[in-house]
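# Descriptive analysis of the structure
Each chain is listed here by its residues.
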Amino acid sequence: MASLQNSPSIHRTLFLNASSQVGLQKPGVVTCSRRGVAFLVRAEQTMSPRQDRPGRRQALVVGTIGAWVSLINPTSASFAAEAKKGFLGVLDKKDGYEFLYPFGWQEVSIEGLDKVVKDVIEPLESASVTMIPTSKQDIRDLGSPQQVAEVLIKKVWASPSEKTKLVEATEHEVDGKAYYTIEFIGQTPNYTRHALAAICIGNGKFYTFTTGANQRRWEKMKDKLHTVVDSFKIFNV
């Protein structure tokens, strides 16, 4: 774990904004907002009675091929949005990641975070992505899931006065890429947040993806939030 705890780049860039990286920002720090955009685009063609049948058949064939491509290509813009009903998708082709979030959440801009979506009524229900450069090639180079989780919870995701509890830290692979999934609880005098996180390394970057909800809404939201954290994937760019 020395490589994680003593990494200048992580302390300089990741550890500067401790609580902000799990979406614990106060409403006042949101600089702007706009409605989230789904990456599902439907193209409809209006056919007049005078158009010939070959043209209609061609349109159907093209549409069918396009649908199959969206299903087999995980980086397709429509893939994430079609993967689960009730969810919208984010696909960042520049930085090489994608994830789902519940319909109704909105994208907001928060300094220091690459992407943030959240519920405007329940501000603790959110998902965010951060990235920092790294020379490591694999998340396992930083230590075991539990070792890395404990450092991130104490140094990044919670303030010094916050009481935290690591619930679970596990490892899994997707397309040969290792991910750590972390579940933890953070308690402050004003609220208790139940959070999930996925971390991995690729494209020369350390990716951190976090989501969660107020503890009082955990039972209602946990299935959706597990879908959100499990949907986070990176790909080569």
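Placed above this text is the structure.
This text gives an overview of the structure that appears in the document. (Residues numbered from 1 in each chain as written. Predicted model: local features only at pLDDT ≥ 70, side-chain atom pairs only at ≥ 80, totals over all residues. Heavy atoms only, no water.)

### Let's talk about the overall build of the protein chain
- Helix and strand content of the protein chain: six helices and eleven strands.
- Taking all 237 residues of the protein chain together, the buried fraction comes to 45%.
- Looking at the protein chain alone, contacts between residues at least 24 apart form 56% of all its contacts between residues at least 6 apart.
- Element-wise, carbon and sulfur atoms account for 52% of the exposed surface of the protein chain, whose accessible area totals about 13100 Å². (Helix = DSSP H or I, 4+ residues; strand = E, 2+ residues; numbered from the N terminus. Buried < 20%, exposed > 50% of the residue type's maximum accessible area, 1.4 Å probe, protein only. Contact = heavy atoms within 4.5 Å. Areas by Shrake-Rupley, 256 points an atom, 1.4 Å probe, with all protein chains shown as cover.)

### Details of the nonpolar core
- Counting residues in each nonpolar core, the largest one holds 25 residues, and the members touching the most others are Tyr-97, Phe-99, Phe-209 and Phe-232.
- Taken together, the elements giving at least two residues each to this core come down to strand 2 (87–92), strand 3 (97–102), strand 6 (126–133), strand 9 (192–202), strand 10 (205–214) and helix 6 (218–231).
- Ranked by the residues each element gives to this core, the list is headed by helix 6, at five residues.
- Leaving out residues up to four positions away in the same chain, Tyr-97 has contacts with Val-90, Leu-91, Asp-92, Asp-114, Lys-115, Val-129, Met-131, Tyr-207, Phe-232, Lys-233, Ile-234 and Phe-235. (Core = buried A, V, L, I, M, F, W, Y, C linked by side-chain atoms within 4.5 Å.)

### A word on the pattern of salt bridges
- Enumeration over the complete set of coordinates arrives at nine salt bridges.
- The salt bridge involving Lys-205 is made with Asp-95; its shortest N-O contact spans 2.9 Å. Of this pair, Lys-205 sits in strand 10 while Asp-95 sits in the loop between strand 2 and strand 3, and the two are 110 residues apart along the sequence.
- Classification of Asp-95 by relative accessible area gives buried; the value is 11%.
- The residue Glu-125 makes a salt bridge to Arg-217 at a minimum N-O spacing of 2.2 Å. Separated by 92 residues along the polypeptide, Glu-125 in the loop between strand 5 (115–118) and strand 6 and Arg-217 in the loop between strand 10 and helix 6 bring together distant segments of the chain.
- Under the relative-accessibility criterion, Glu-125 is labelled buried at 1%.
- One network of salt bridges, in which partners are shared, links Glu-122, Glu-125, Arg-216 and Arg-217. (Salt bridge = Lys/Arg side-chain N within 4 Å of Asp/Glu carboxyl O.)

### Focus on the pairing of strand 8 (residues 177–187)
- Among the eleven residues of strand 8, nine are classified as buried, and the element is accordingly described as predominantly covered.
- When strand 7 (residues 163–174) meets strand 8, the two strands line up antiparallel, connected through eleven bridges. Across the sheet, the residue bridging to Glu-168 is Glu-183, located in strand 8.
- Counted between consecutive antiparallel strands, the loop separating strand 7 from strand 8 contains two residues, among which Asp-175 sits at a positive phi close to 55 degrees.
- Bridge count for strand 8 against strand 9 is eight bridges, and the pairing is antiparallel. Considered in strand 9, the bridge of Ile-185 is made with His-194. (Pairing = 2+ DSSP bridges.)

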